Amino acid sequence: MTRTLELGLDTFGDVTAGADGKPVAHAEVIRQVVAQGVLADELGIDFIGLGEHHRGDFAISAPEVALAAIAAQTKRIRLGSAVTVLSSDDPIRVFQRFSTLDAVSNGRAEVILGRGSFTESFPLFGFDLSQYETLFSEKLDLFAHLLTGDPVTWEGTTRPPLKNQQVFPTIETGRLKTWIGVGGSPESVVRAARYHLPLMLAIIGGEPARFRPYVDLYHRALGQFELAEQPIGVHSPGYVGETDAAAREEFYADYKRMRDQIGSERGWPPMQRAEFDREIDQGSLYVGGPETVARKIAATVKTLGASRFQLKYSAGPLPHDRLMNGIRLYGEKVAPMVREMVG
């Protein structure tokens, strides 16, 4: 199946640095994200995704609200999460929030469901990490029932049962586009196929080609379930500068601050410059001038057979003006080159 390539952007609302070098208030970061989404729409970028987090270094904990603000000021860009942590949320409320977003945006809403790589939401909302797998499995099953638009009868162990319950608002036309975000678990790949949902691969390190077996597994599983093909997307971090050298210098310090902060919580050693350069040259960090980034995206799209690529363009305190310039370069220069390269 041939699909038109879509090029998108993702951000977690990383807390940026102001002109004085100090962290900007969460409220201002959210306003900056709205401005970034508006610019992306003006440039013809296909999608913007906002990630859900519940910690001080990321400002967005309610992506749907910020997406609704972007929807009110845009006309064509598709709007989604990156990701929604379904395990620690109520599937019915998630569906209602995104069906409402779909209404106010005239059908442009999407949701990417996942377990996320952070666990702060579990104690915050009163969920036990020992139920990590059960929570996601059952809640995804319920969400899949909601996607049909029919009254739902469902029973599990993580919430009270439902009997012939209709959920509102309904989707006005068609069906809410729902992806499954996968970070490298074969079981998650098969689960996406079982529910006949598009697959979004979160590739944040290492060679993109190492995810090809997951793509092949997804296709095999769809075939075994006798289901039609679905889109495959890729989410990876990066930054577009005027030149390769400028991009590396502008991005390195802020990316390192973000990476080292997370690493200190997870027992990783501080990132060295050689590791950063190696990840750009051989791995999944899309940093450089427009042509360099375009060539790398095109190579990944071809290798994995992806029909969407989403660049996670923010990184720690990287300032708003640099983020805006990176978005401009991505829309004006990178996207046209990638489309030409992919054909």
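Before reading further, recall that the structure is shown in the block above.
Residues numbered from 1 in each chain as written. Predicted model: local features only at pLDDT ≥ 70, side-chain atom pairs only at ≥ 80, totals over all residues. Heavy atoms only, no water.

**Description of the overall build of the protein chain**
No. 1: Summing up its helical and strand segments, the protein chain has 11 helices and 12 strands in all.
No. 2: Radius of gyration (C-alpha) of the protein chain: 19 Å, near the 20 Å computed for a compact globule of 343 residues.
No. 3: Overall, the C-alpha framework of the protein chain stretches about 60 × 45 × 40 Å when taken along its three principal axes.
No. 4: Taken over 343 residues, the protein chain has a buried fraction of 52%.
No. 5: Sequence-distant contacts in the protein chain: of pairs separated by 6 or more residues, those separated by 24 or more amount to 74%.
No. 6: Here the protein chain has roughly 14700 Å² of accessible surface; of this, 52% comes from carbon and sulfur atoms.
No. 7: With 37 positive and 43 negative side-chain charges, the protein chain shows a spacing of 1 Å between the two charge centroids. (Helix = DSSP H or I, 4+ residues; strand = E, 2+ residues; numbered from the N terminus. Rg over C-alpha atoms; globule rule 2.2 N^0.38 Å. Buried < 20%, exposed > 50% of the residue type's maximum accessible area, 1.4 Å probe, protein only. Contact = heavy atoms within 4.5 Å. Areas by Shrake-Rupley, 256 points an atom, 1.4 Å probe, with all protein chains shown as cover. Lys, Arg positive; Asp, Glu negative; His and termini not counted. Charge placed at Lys NZ, Arg CZ, Asp CG, Glu CD.)

**With respect to the packing of helix α8 (residues 244-266) against helix α9 (residues 273-282)**
No. 1: Contact pair α8 / α9: the axes reach a minimum separation of 11 Å and the direction vectors enclose 115 degrees. By the angle class used here, α8 and α9 are roughly perpendicular. The element α8 and its partner α9 pack so that their crossing is right-handed. For the pair α8 and α9, contact is made by R248, E249, F251, Y252, Y255 and R259 and by R273, E275, F276, D277, I280 and D281, respectively.
No. 2: For the contact of α8 with α9, a count of residues per class yields five nonpolar, no polar and seven charged. (Axes fitted to C-alpha atoms, helices over the stretch in contact; angles between N-to-C directions. Parallel < 35°, antiparallel > 145°, perpendicular 65-115°, else oblique. Left-handed = near helix turned anticlockwise from the far one by under 90°. Nonpolar A, V, L, I, M, F, W, Y, C, P; charged D, E, K, R; others polar.)

**A word on the pairing of strand β12 (residues 308-312)**
No. 1: The buried fraction of β12 amounts to five of the five residues, a majority that puts the element mostly inside the structure.
No. 2: Of the two faces of β12, the one carrying R308, Q310 and K312 and the one carrying F309 and L311 are both buried.
No. 3: Sheet analysis places strand β1 (residues 6-11) next to β12, joined by five bridges and oriented parallel. Pairing of D10 across the sheet is with K312, part of β12.
No. 4: Examined bridge by bridge, strand β10 (residues 232-240) and β12 share five bridges and lie parallel to one another. Its bridge partner being in β12, H235 is matched across the sheet by Q310. (Pairing = 2+ DSSP bridges.)

**A closer look at the layout of surface pockets**
Sizing a probe to match a water molecule and rolling it over the atoms shows the empty space that remains.
No. 1: Volume-wise, the largest pocket comes out at about 1100 Å³.
No. 2: If you go around the largest pocket, you meet 50 residues; those closest to its centre are F12, S117, A202, I204 and H235.
No. 3: Among the secondary structure elements, those contributing two or more residues to the lining of the largest pocket are β5 (110-114), α5 (132-146), β8 (177-182), β9 (199-202), β10, α8, α9 and β12.
No. 4: The element that contributes the greatest number of residues to the lining of the largest pocket is α8, accounting for six residues.
No. 5: Class assignment of the residues belonging to the lining of the largest pocket gives a composition of 24 nonpolar, 16 polar and 10 charged. (1 Å grid on protein atoms, 1.4 Å probe; cavity = no way out; pocket = protein on both sides within 12 Å on 5 of 7 lines; lining within 4 Å. Points joined across faces, edges and corners; volume = space filled by probe spheres on them.)

**Side note on the packing of aromatic side chains**
No. 1: Tallied over the full model, the rule gives 11 aromatic pairs.
No. 2: Following the ring pairs from residue to residue traces out a cluster consisting of Y239, F251, Y252, Y255 and F276.
No. 3: Geometry around Y286 places K296 over its ring, the cationic atom sitting 5.2 Å from the centre. (Phe/Tyr/Trp six-rings, centres within 6.5 Å; stacked < 30°, edge-to-face > 60°. Lys NZ or Arg CZ within 6 Å of the ring centre and 35° of its normal.)

**A word on the nonpolar core**
Nonpolar side chains tend to gather and get buried jointly when the protein is soluble and globular.
No. 1: Formed by 96 residues in total, the largest nonpolar core has its most connected members in F143, L176, L201, F251, I297, F309 and Y330.
No. 2: Take this core: its biggest share by element is seven residues, from helix α11 (residues 320-342).
No. 3: Excluding its chain neighbours within four sequence positions, the residues that come into contact with F143 are L86, P91, V94, F95, V111, L113, L176 and T178.
No. 4: Ranked by size, the runner-up nonpolar core spans five residues in total, among them F47, V83, W179 and M200. (Core = buried A, V, L, I, M, F, W, Y, C linked by side-chain atoms within 4.5 Å.)

**Here's the deal with empty space enclosed by the protein**
No. 1: This model, assessed by the stated rule, comprises one cavity of 30 Å³ or more.
No. 2: Estimated volume of the largest cavity: approximately 30 Å³.
No. 3: For the largest cavity, the full set of lining residues is G238, Y239, V240, L311, Y313, L323, G326 and I327.
No. 4: Counting only elements with at least two residues in the lining of the largest cavity, the list comes to β10 and α11.
No. 5: For the lining of the largest cavity, the class distribution of residues is six nonpolar, two polar and no charged.

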